[in-house]
Amino acid sequence: MRVFRDLSEWRQFRSQLETSLGFVPTMGALHPGHLALVQRSHQENSKTLVSVFVNPTQFDDPTDLAAYPQTLDQDIQLLEGAADYLLAPSAAQMYPNGYHYRVSEDEVSKQLEGAQRPGHFDGMLTVVMKLLNLAQAHQAYFGEKDFQQLQLVQGMVSEFFLNTKIVACPTVREADGLAMSSRNRRLTPEQRELAAEFPHILKSAPDLSQAQSQLEQQGFAVDYVQEWRGRRLGAVRLGQVRLIDNL
Ligand code: PAF
């Protein structure tokens, strides 16, 4: 796998690459859920690019950004043999003039996750626009775990006539049902055990208010449980760790 840390070098290389390219954007701390996206891209394209960039503009809380796991050396090892190219730019390269230009959506991005994390989706859409322009990929792969993110990215690609097809991939789960997430590694062993109740209750509770009260009884702080676009979405906190899921 060829690693690009310099955006000019990547752009030069990309301008000469004539084969079909699949793209998997990530913030690193890779787990089997990411690797499933990489594998799918590998099956459907001649070459696969992965990006690892912990995007500061999508964190509304600086302590959350500081605590976000950064494991680039391990990520490179995991990707060897699975991806062809890795783009791992610095924040100074991605935001050379700060954060003055941004992509903003004013409806979907204000609900659910957006209501809890002001500015999160503007930061996410802005970096995804930058990454899609850098990658110039034929297809880009996003997990359904971040369902609202996926819907917003699909909307942005359609509204701005971008040439990349967004491919939605099913959530990958641990054996006990917990959706894989880079944040899971911050759970204590006790919290990790309890965390499996989250998807279980989200799925089995007969209605939203019972889902909320069952989660609270188990010790979760509930940010929301809501039906949206044919799915039941939830966000909960266990200590400092925030988990989201949808079914
Ligand atoms: O889902 C993520 O990991 C991030 O939101 C993304 C899409 C890589 C943008 O930073």
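In this report, the structure presented in the accompanying data block is examined. (Residues numbered from 1 in each chain as written. Predicted model: local features only at pLDDT ≥ 70, side-chain atom pairs only at ≥ 80, totals over all residues. Heavy atoms only, no water.)

Structural notes on the overall build of the protein chain
When you go through the protein chain residue by residue, the secondary structure sums to eleven helices and nine strands. The C-alpha atoms of the protein chain give a radius of gyration of 18 Å, which matches the 18 Å a tight globule of 247 residues would have. Counting only C-alpha atoms, the protein chain reaches 55 × 35 × 30 Å along its principal axes. Looking at the protein chain residue by residue over its 247 residues, the buried ones come to 51%. Sequence separation of at least 24 residues holds for 71% of the intrachain contacts in the protein chain that already meet a minimum separation of 6. Of the charged side chains in the protein chain, 23 are positive and 29 negative; the average position of the first set lies 3 Å away from that of the second. (Helix = DSSP H or I, 4+ residues; strand = E, 2+ residues; numbered from the N terminus. Rg over C-alpha atoms; globule rule 2.2 N^0.38 Å. Buried < 20%, exposed > 50% of the residue type's maximum accessible area, 1.4 Å probe, protein only. Contact = heavy atoms within 4.5 Å. Lys, Arg positive; Asp, Glu negative; His and termini not counted. Charge placed at Lys NZ, Arg CZ, Asp CG, Glu CD.)

Considering the side chain of Ser-181
Position of Ser-181 among the secondary structure elements: in the loop between β6 (165-169) and α9 (189-195). Beyond its immediate chain neighbours, meaning those up to four positions away, Ser-181 contacts His-31 and Lys-145.

Points about helix α10 (residues 197-204)
Count 3.6 residues to each turn of an α-helix, and residues three or four apart come out pointing the same way. Among all positions of α10, only Phe-198, Pro-199, Ile-201 and Leu-202 are buried. All buried residues of α10 fall inside an arc of 165° around its axis, so they share one side. Those residues of α10 that are buried lie in contact with α9, α11 (208-218), β7 (221-228), β8 (231-238) and β9 (241-246). (Arc of directions from axis to C-beta.)

A short note on the packing of aromatic side chains
Counted by the stated rule, this structure contains eleven aromatic pairs. Judged by centre distance (5.2 Å) and plane angle (80°), the rings of Phe-4 and Trp-10 are edge-to-face. The exposure class of Trp-10 is buried, given its relative accessible area of 0%. Ring centres of Phe-147 and Trp-228 lie 5.9 Å apart, and the angle between their planes is 85°; on these two criteria the pair is classed as edge-to-face. In this pair, Phe-147 sits in helix α8 (residues 147-159) while Trp-228 sits in strand β7, placing the two residues 81 residues apart along the sequence. Here Phe-147 matches Trp-228 in class, with each residue buried. Three or more aromatic residues joined by ring pairs form one cluster here, namely Phe-4, Trp-10, Phe-13 and Tyr-85. The ring of Tyr-99 has Arg-102 lying over it, and the distance from NZ or CZ to the ring centre is 3.7 Å. (Phe/Tyr/Trp six-rings, centres within 6.5 Å; stacked < 30°, edge-to-face > 60°. Lys NZ or Arg CZ within 6 Å of the ring centre and 35° of its normal.)

Section: the site of the ligand
Close to the ligand lie Pro-25, Thr-26, Met-27, Gln-58, Met-124, Val-127, Val-128, Phe-142 and Gln-149, which account for all nearby residues. Within the side chain of Gln-58, a nitrogen or oxygen atom sits 2.7 Å from an oxygen atom of the ligand. At 2.7 Å, a side-chain N or O of Gln-149 approaches an oxygen atom of the ligand. Protein burial of the ligand: of its 280 Å² of free accessible surface, 88% is covered by the chains. For the shell around the ligand, the secondary-structure elements that each account for two or more residues are β2 (21-26) and α7 (120-135). The leading source of residues in the shell around the ligand is α7, at three residues. Grouping the constituent residues of the shell around the ligand by class yields six nonpolar, three polar and no charged. (Near = heavy atom within 4 Å. Polar contact = N/O pair within 3.5 Å; in protein donor to acceptor, adjacent residues only side chain to side chain. Areas by Shrake-Rupley, 256 points an atom, 1.4 Å probe, with all protein chains shown as cover. Nonpolar A, V, L, I, M, F, W, Y, C, P; charged D, E, K, R; others polar.)

Things to note about the pairing of β9
Of all six residues in β9, six are buried; the element is thus mostly enclosed. Both faces of β9 are covered, namely the face carrying Val-241, Leu-243 and Asp-245 and the face carrying Arg-242, Ile-244 and Asn-246. With six bridges connecting them, β8 and β9 associate as antiparallel partners. Directly across from Leu-233, in β9, lies its bridge partner Asn-246. Count of turn residues in the β8/β9 antiparallel hairpin: two residues, of which Gly-239 carries a positive phi of about 60°. (Pairing = 2+ DSSP bridges.)

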